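Here's the letter readout for the chains.
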Amino acid sequence: MSTQEPAGDIFSDARMRDPIWEGVLLLSSLVLLFALLFNHYQIVTSPYPIDYYESAMPAITQTIAQGNNPYARAQLPEATNTYTPLYNLIALPFAKVFGNTLQVHRLLSGLFILGTCLLVYWVVYLACRLKIMALAAATSLYGVLLYYATPIASTNSTGLFFFIACVLLPWVDNYSRRSLFLSLLSGILAFFGKQYFLIGLGFVALQLFLAISKKMGINYALAGIAVLASGLIIVFKTSPYFFDTTVLLLHNGGEKYSSDALLYEQLKFFFEIYWPLIILAVIGFGYRRLTAQAPDTPSFRPWNYNLRELDRPLITPEVNYFLLCFVCATIAILMVLGKNIGNYMSYHFQLMSPFLVLYLFTLYPKLHIPGFVLVPLILVNFYLVYEILPQDFDVNPVPWKKIEKYIDTNERILASPVVTSLLIDRDRDLYHRTMSYFFHEAEKRPEILVRENEEDTIGYIYDKYMNDLHQKIETHYFEVLILSKTDIYYFFGAYPNPQNTFGSYYLNHYYKVVDKVPLYLTDRYGGGIREMIVWKPRKEHEMSGSRRSSGLLEKN
């Protein structure tokens with residue numbers, strides 16, 4: 001941790017102080033901050049779902065509020081939850097007091113995002129004692145954390161906050177025992193916030209091993225493994241399908257839809273946002289090489305290795321901690337997460353952005369970059385951060401009102417995930433909680449994990465669920481179906497049915513299309529227009545020969 005004395009401006013060298021450029025950066029940071037706060041307010045208060053599967057979180061919170069375990073056999077596959085439960089457990093008391101709404105869950109997500117940005121502000125300030133630079137760093141990070149999945153009703157921000165706390169608390173308190181204990185606790189909470197944030201424990205262990213003490217690094221890693229293993233033993237005893245839905249399902253689904261093209265596309269997007277900040281660092285290093293080098297300017301020196309003494313670090317001089325974390329996060333993106341089709345750019349902005357921002361904004365003051373170069377490039381980054389966000393959150397409410405009317409006038413409804421929150425608001429039974437048709441992805445597993453009792457296997461449970469669903473369709477149990485073509489495919493196309501007919505052809509034998517309603521989501525990634533097809537039961541005389549007209553859906 002830096003012990004540098006306060007300079008009170010955007011430069012660590014008071015001789016280079018430029019009040020005009022300081023004022024420009026301060027004013028610009030505040031303008032962007034208020035613009036982002038307003039943008040975030042619009043996200044939180046949006047009356048309808050912003051993302052297709054956003055309603056999954058209130059649905060899982062409802063499951064827990066009813067005293068049910070979403071990772072127990074009795075709740076599967078209806079309550080399939082691919083994420084760990086910390087976010088829902090934290091949301092539960094708020095949902096009970098203020099209502100189990102998307103707005104409550106988004107507000108909780110927002111608080112964790114702001115908490116993450118405050119941690120970054122605090123660390124940048126401690127590193128260089130420059131409030132304006134700390135504000136600029138936190139504001140830049142805030143912008144990308146409002147992109148796509150992190151600010152909606154999702155587990156992302158909860159895991160992110162504890163992940164950042166896990167990694168930064170040891171640095172703040174000079175790797176004291178207290179800070180390492182809090183880091184360990186935060187790392188475990190990060191995992192139960194969202195699985196991949198467990199990587200934070202690895203970042204801390206690596207830093208300890210490389211730069212503080214090999215013995216401390218090994219002990220921290222062993223303690224993390226022991227605490228996590230103990231927690232998972234309890235979880236597996238109480239939640240026998242936790243591993244199936246939070247690990248196997250995601251792994252198998254990710255394998256199926258991963259692509260190198262998506263990896264390159266997202267990395268390109270990332271560097272299109274951060275190129276001004278990276279160029280600044282390059283300019284700064286070049287500038288210092290051409291001028292008299294200040295004592296605190298970073299320089300490249302060969303590493304010395306100490307392999308024998310466990311109480312000493314592995315390498316000297318010390319690697320910059322924030323740069324180390326950024327490199328490790330980038331490797332994780334390149335190796336695994338960046339190829340995943342889910343949560344577009346979320347992994348990059350959550351894992352890579354915080355450490356790139358921390359490294360660069362704590363580096364700039366040491367490079368003494370002139371204000372007329374420093375501030376304009378930071379402002380370009382501000383523009384790029386804000387430009388990727390939606391500014392228009394208005395949606396056409398008329399189609400939503402139409403769907404609400406169908407829900408208000410019917411009790412037994414099989415509906416698309418995108419309208420699940422409307423069903424929750426009206427206390428309708430949920431026949432799936434948005435992700436149930438992905439449950440069968442957990443069936444593929446190593447031989448050692450195959451269950452002996454056939455009735456407990458993923459395949460048996462899903463077969464039983466689908467057979468029951470087909471029976472409900474064939475007996476006209478549902479008074480109305482509100483489904484997109486995607487839902488129809490997953491429910492009735494990708495899985496065999498008794499008549500061995502595909503998707504809409506199967507449905508059309510028992511139900512008829514009575515309406516098509518284009519639902520408008522916010523114009524952003526994950527939003528757009530999603531057409532809902534409304535089906536009502538056929539009368540007995542209409543079912544005769546209906547197979548001959550089963551192309552109705554495709555023709556309409």
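Use the structure listed above.
Thresholds, definitions, all that
Residues numbered from 1 in each chain as written. Predicted model: local features only at pLDDT ≥ 70, side-chain atom pairs only at ≥ 80, totals over all residues. Heavy atoms only, no water. Helix = DSSP H or I, 4+ residues; strand = E, 2+ residues; numbered from the N terminus. Rg over C-alpha atoms; globule rule 2.2 N^0.38 Å. Buried < 20%, exposed > 50% of the residue type's maximum accessible area, 1.4 Å probe, protein only. Contact = heavy atoms within 4.5 Å. Areas by Shrake-Rupley, 256 points an atom, 1.4 Å probe, with all protein chains shown as cover. Lys, Arg positive; Asp, Glu negative; His and termini not counted. Charge placed at Lys NZ, Arg CZ, Asp CG, Glu CD. Salt bridge = Lys/Arg side-chain N within 4 Å of Asp/Glu carboxyl O. Patch = residues over 30% accessible without salt bridge, like charges linked within 9 Å, V, L, I, M, F, W, Y side chains within 5 Å. Phe/Tyr/Trp six-rings, centres within 6.5 Å; stacked < 30°, edge-to-face > 60°.

Helix and strand counts for the protein stand at 21 helices and six strands. Taking 556 residues into account, the globule formula puts the C-alpha radius of gyration at 24 Å, and the protein, at 26 Å, falls close to it. With respect to the principal axes defined by its C-alpha atoms, the protein has extents near 90 × 55 × 45 Å. The buried share among the 556 residues of the protein stands at 58%. Relative to all contacts within the protein whose residues are 6 or more apart in sequence, the contacts with residues 24 or more apart total 77%. For the protein, the exposed surface amounts to about 24,200 Å²; the carbon and sulfur share of it is 61%. Averaged over its 45 positive side-chain charges, the protein has a centre that lies 2 Å from the centre of its 45 negative ones.

Looking now at the pattern of salt bridges. Per the stated rule, a full pass over the model turns up 13 salt bridges. Note that Arg-426 is salt-bridged to Asp-408, the shortest N-O span being 2.6 Å. On the criterion of sequence distance, the pair formed by Arg-426 in the loop between α16 (420-425) and α17 (458-474) and Asp-408 in helix α15 (residues 397-408) is long-range, its members being 18 residues apart. Via salt bridges that share partners, Lys-401, Glu-404, Asp-408 and Arg-426 belong to a single interconnected network.

Looking now at a nonpolar patch on the surface. Where nonpolar side chains cluster on the molecular surface, the patch consists of Leu-26, Leu-30, Phe-34, Leu-37, Leu-107, Leu-111 and Leu-114 and spans about 600 Å² of accessible area. Looking at the nonpolar patch, the elements with two or more residues in it are α1 (19-45) and α4 (102-128). Per-element accounting of the nonpolar patch gives the leading share, four residues, to α1. Residue classification places Leu-26 among the partly exposed residues on the basis of a relative accessible area of 34%.

In this description, a pair of aromatic rings is defined by centroid distance and the angle of the planes. Across all of its chains, the model carries 42 aromatic pairs by this definition. Arranged with centres 5.3 Å apart and planes meeting at 50°, the rings of Trp-171 and Phe-322 form a pair that is tilted. Here Trp-171 is found in helix α6 (residues 156-172), whereas its partner Phe-322 is found in helix α12 (residues 321-335), with 151 residues between them in sequence. The burial state of Trp-171 is the same as that of Phe-322; both residues are buried. Between Phe-203 and Phe-355, the aromatic rings sit 5.9 Å apart at their centres with planes inclined by 75°, giving edge-to-face as the arrangement. With Phe-203 in helix α8 (residues 199-212) and Phe-355 in helix α13 (residues 346-367), the pair connects residues that are 152 residues apart, well separated along the chain. Taking the relative accessible area as the measure of exposure, Phe-203 reaches 4% and is therefore buried. You can call Phe-355 buried: its relative accessible area is 0%.

On the secondary structure map, Gln-207 appears in helix α8. Discounting chain neighbours no more than four positions away, the residues touching Gln-207 are Tyr-175, Ile-212, Glu-318, Val-319, Tyr-321 and Leu-324.

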